[in-house]
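This is what each chain is made of:
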Amino acid sequence: MKKILIINGPNLNMLGKRDPAVYGKETYDDLLNMIGEKASELGVKAEVFQSNHEGALVDRIQDALADGTDALIINAGAYTHYSYAIRDALEILSIPKIEIHISDVDNREEFRRHSVITEVCTSRIIGMGTQGYLKAMEEVLK
Ligand code: DQA
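Quick notes on the rules
- Residues numbered from 1 in each chain as written.
- Predicted model: local features only at pLDDT ≥ 70, side-chain atom pairs only at ≥ 80, totals over all residues.
- Heavy atoms only, no water.
- Near = heavy atom within 4 Å.
- Polar contact = N/O pair within 3.5 Å; in protein donor to acceptor, adjacent residues only side chain to side chain.
- Areas by Shrake-Rupley, 256 points an atom, 1.4 Å probe, with all protein chains shown as cover.
- 1 Å grid on protein atoms, 1.4 Å probe; cavity = no way out; pocket = protein on both sides within 12 Å on 5 of 7 lines; lining within 4 Å.
- Sits in = over half its atoms within 2 Å of the grid points.
- Points joined across faces, edges and corners; volume = space filled by probe spheres on them.
- Nonpolar A, V, L, I, M, F, W, Y, C, P; charged D, E, K, R; others polar.
- Pairing = 2+ DSSP bridges.
- Helix = DSSP H or I, 4+ residues; strand = E, 2+ residues; numbered from the N terminus.
- Axes fitted to C-alpha atoms, helices over the stretch in contact; angles between N-to-C directions.
- Contact = heavy atoms within 4.5 Å.

Engineer: How do you make sense of the site of the ligand when you look at a structure like this?
Structural biologist: Near the ligand, the surroundings consist of Pro10, Arg18, Tyr23, Asn75, Gly77, Ala78, His81, His101, Ile102, Ser103, Val105 and Arg112. Taking Asn75, its side chain carries an N or O atom lying 2.8 Å from an oxygen atom of the ligand. Relative to its unbound accessible area of 320 Å², the ligand is 99% covered by the protein chains. Put simply, the ligand lies in the largest cavity.

Here you go:
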């Protein structure tokens, strides 16, 4: 069975409590349930890792080199915009990698328009709400 690793960065655990007009009403647990259901539908294993800490995210990306991960989906949260450490960790990992954002980052504040991880990811999904994770799961193993 193929394994998809889904990594969520800082503040994504606050889904449901965080600006619903931008991030939607679903809670983080709702997101985990949606991902679990999609994984069964697709016949894949999906592991979700969330951390508010940059180093923990780097460690988890590095561990994916040798833990049987076939594909990666990452919402690095605000680290997207400035973490060269996460960028460099992703660069080492040569599996399909999708960058995802719940909100339409290209049409929000100026600082959100720049991503330092886009160039080391295979593709990018933005502005689809939490449904974007499901689309990413469909696409990442194609
Ligand atoms: C986000 C967008 C980022 O700018 C923000 O810092 C987040 C969430 C998104 O999913 O839309 O934490 O990655």
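Engineer: For this particular structure, what's the right way to read empty space enclosed by the protein?
Structural biologist: With a probe scaled to a water molecule rolled over the atoms, the places where space remains empty come into view. The final tally for this structure, using the stated rule, is 1 cavity of 30 Å³ or more. In this structure, the largest cavity encloses a volume near 130 Å³. Lining the largest cavity we find 15 residues, and of these Tyr23, Asn75, Gly77, Ala78 and His101 sit closest to its centre. Here the lining of the largest cavity is built from residues that sort into 6 nonpolar, 6 polar and 3 charged.

Engineer: What should I look at first to understand the sheet that holds strand S2 (residues 45–50) in this one?
Structural biologist: Sheet strands pair via backbone hydrogen bonds, and the direction of the pair is either parallel or antiparallel. If you walk across this open sheet you meet the 5 strands as S2-S1-S3-S4-S5, and the pairing is parallel. Edge positions in the open sheet fall to S2 and strand S5 (123–126), since each of these has one partner strand only. With strand direction ignored, the average angle separating the axes of adjacent strands in the sheet is 20 degrees. In this structure, strand S1 (residues 3–8) lies alongside S2, joined through 6 bridges in parallel fashion. Its bridge partner being in S2, Lys3 is matched across the sheet by Lys45. Packed onto the sheet, helix H2 (residues 28–42) meets S1 and S2 and runs at close to 160 degrees relative to S2. Most of the contacts of helix H5 (residues 131–140) go to strand S3 (residues 71–75), to which it runs at about 155 degrees, and overall it touches S1, S2, S3, strand S4 (97–101) and S5.

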